[in-house]
Each structure stands twice: as C-alpha cells, then as structure tokens.
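Chain by chain, the residues:
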Amino acid sequence: MVRASLGVNPWSVLYEGVARHTSLSFGTISAVVGVLVLLLWIPLRQRPTFGTGANIVVLACSSDLGLRLLPQDLGLEARIGLLAGGVLLNGLSVAVYVGARYGPGPRDGLMTGASAATGRSLRFVRTLIEVTVLGAGWLLGGSVGAGTVLYALAVGPVTQFFLPRFAYRSAVERQG
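The model shown is predicted, which means the values in this text are computed figures rather than measured ones.

Enquirer: Looking at this structure, how should I read the environment of V13?
Expert: Mapping V13 onto the fold places it in helix 1 (residues 10-19). The class of V13 is buried, set by a relative accessible area of 0%. In this structure the C-alpha to C-alpha distance between V13 and S93, which are 80 residues apart in sequence, comes to 20 Å.

Written out as structure tokens, the structure is:
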C-alpha cells in the first residue's frame, strides 16, 4: 500500500507521522508501536504468545525490506492493484493467523480483546481502532489518501468475512 501511493493504511499513517519527528525507520517504528500496543492488552486480559512476538518482528523486517525492494514509480493500474490487494490480503492474513490460534499480533489482539470485552463485533471494533489511529497519524503529519479511507472502512469487514472460514476448531469444537 505504501508503494501504491494512493494512501496507506491507518497504522502506516501513524508510522509516517512518527517518522517525521524521529530518525527511526518505518519498520522500527512499527515494532516500537507494536510493543506499546501490548500495554493496552493488560486491561483486556490478553496474553501475548509466540505468534504475537513473531508478528512484531516479521512486520518490522518485512516493511523495511519491502520498501527497499518495490519500485516507487509504478503506473496507476499497478498502484490500484497494490491498493486493492493490500486491503484484501491484509484482512485475509489477519483472519488466517488469528484463526490459527497461534496468537494475534498486537493490533489484532487489541481488536479481539476489545471485541470480547465490549461485546461489539470485530467489524465495529476494528473500524473504530483504524479511524482512531488514522486521526493520530494525520495529526502527526502522516499522509492520508483515498486508500487510507478505503482501508480504514474495509479491513474490519474483510477480516470478519474471512475469520469463520479460517478459524481452527478442535475435534471437540467440531462435534458440538
């Protein structure tokens, strides 16, 4: 989505905003924010797992690597494809790894924990989180575009659509 240059996801708006005020790389900011989000898990009684830590490390490293490898000057058609694919694949990937029960990443654990604590849908909670993060990132100077709004409004519903299709169920759960 960063290389689509049509607006990044709300968390990336936050990372860009923080980057404007620090010398840290995009990936490093992602990791630091991920660790800080874990603090929000405490009142939600969420517990980090191996998957949570792996999410922080993989996201930070792959963000920096992807930005080094993907070209910046793509045509509009390719950029639209990157944007649409980014929204769809992010919602799908969240559903796959949360559904696998290896532990959610910091942002997704915040979503699932807040949903469980409030009784609100994943769609509602995720959208609220994304809009809040978007506002903070924009106030810090992060870039916002049509893709940002699309992501903020669509990733929650996309995740909720895919989650039941990829949720791991034990033999006992499948029987009844």
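Read on for the rest.
Enquirer: Please explain the environment of F166 as it appears in this structure.
Expert: Position of F166 among the secondary structure elements: in helix 7 (residues 146-166). Taking relative accessible area as the criterion, F166 reaches 39% and is therefore assigned partly exposed. In this view, F166 contacts L92, A95, V96, G99 and A100; residues no more than four positions away in its chain are not counted.

Enquirer: So what exactly am I meant to see when it comes to unusual backbone geometry here?
Expert: Working note: non-glycine residues mostly have negative phi, and peptide bonds are mostly trans. With phi around 60°, R45 is a residue other than glycine that occupies positive phi space. Its location among the elements puts R45 in the loop between helix 2 (26-41) and helix 3 (50-69). For R45, a relative accessible area of 72% puts it in the exposed group.

Enquirer: Where do I start with a nonpolar patch on the surface in this structure?
Expert: Residues V131, W138, L139, V144, V149 and L153 make up a contiguous nonpolar surface patch of roughly 610 Å² in combined accessible area. Put simply, the parts of the chain that give the nonpolar patch at least two residues each are helix 6 (122-139) and helix 7. Broken down by element, the residue count for the nonpolar patch peaks at three residues, all from helix 6. Inspection of the secondary structure assignment puts V144 in the loop between helix 6 and helix 7.

Enquirer: I keep staring at the packing of helix 4 (residues 76-99) against helix 5 (residues 106-118) and nothing clicks. Help me out?
Expert: To describe two helices that pack against each other, one gives the angle between their axes and the distance between the axes. Interaxial distance between helix 4 and helix 5 falls to 11 Å at its minimum, and their mutual angle equals 75°. In terms of orientation, helix 4 lies roughly perpendicular with respect to helix 5. Every residue of helix 5 that contacts helix 4 at V94, Y97 and V98 is listed here: D108, M111 and T112. The class makeup of the residues in the contact of helix 4 with helix 5 is four nonpolar, one polar and one charged.

Rules used throughout
Residues numbered from 1 in each chain as written. Predicted model: local features only at pLDDT ≥ 70, side-chain atom pairs only at ≥ 80, totals over all residues. Heavy atoms only, no water. Helix = DSSP H or I, 4+ residues; strand = E, 2+ residues; numbered from the N terminus. Buried < 20%, exposed > 50% of the residue type's maximum accessible area, 1.4 Å probe, protein only. Contact = heavy atoms within 4.5 Å. Patch = residues over 30% accessible without salt bridge, like charges linked within 9 Å, V, L, I, M, F, W, Y side chains within 5 Å. Areas by Shrake-Rupley, 256 points an atom, 1.4 Å probe, with all protein chains shown as cover. Salt bridge = Lys/Arg side-chain N within 4 Å of Asp/Glu carboxyl O. Axes fitted to C-alpha atoms, helices over the stretch in contact; angles between N-to-C directions. Parallel < 35°, antiparallel > 145°, perpendicular 65-115°, else oblique. Nonpolar A, V, L, I, M, F, W, Y, C, P; charged D, E, K, R; others polar.

By themselves these figures say nothing about function.
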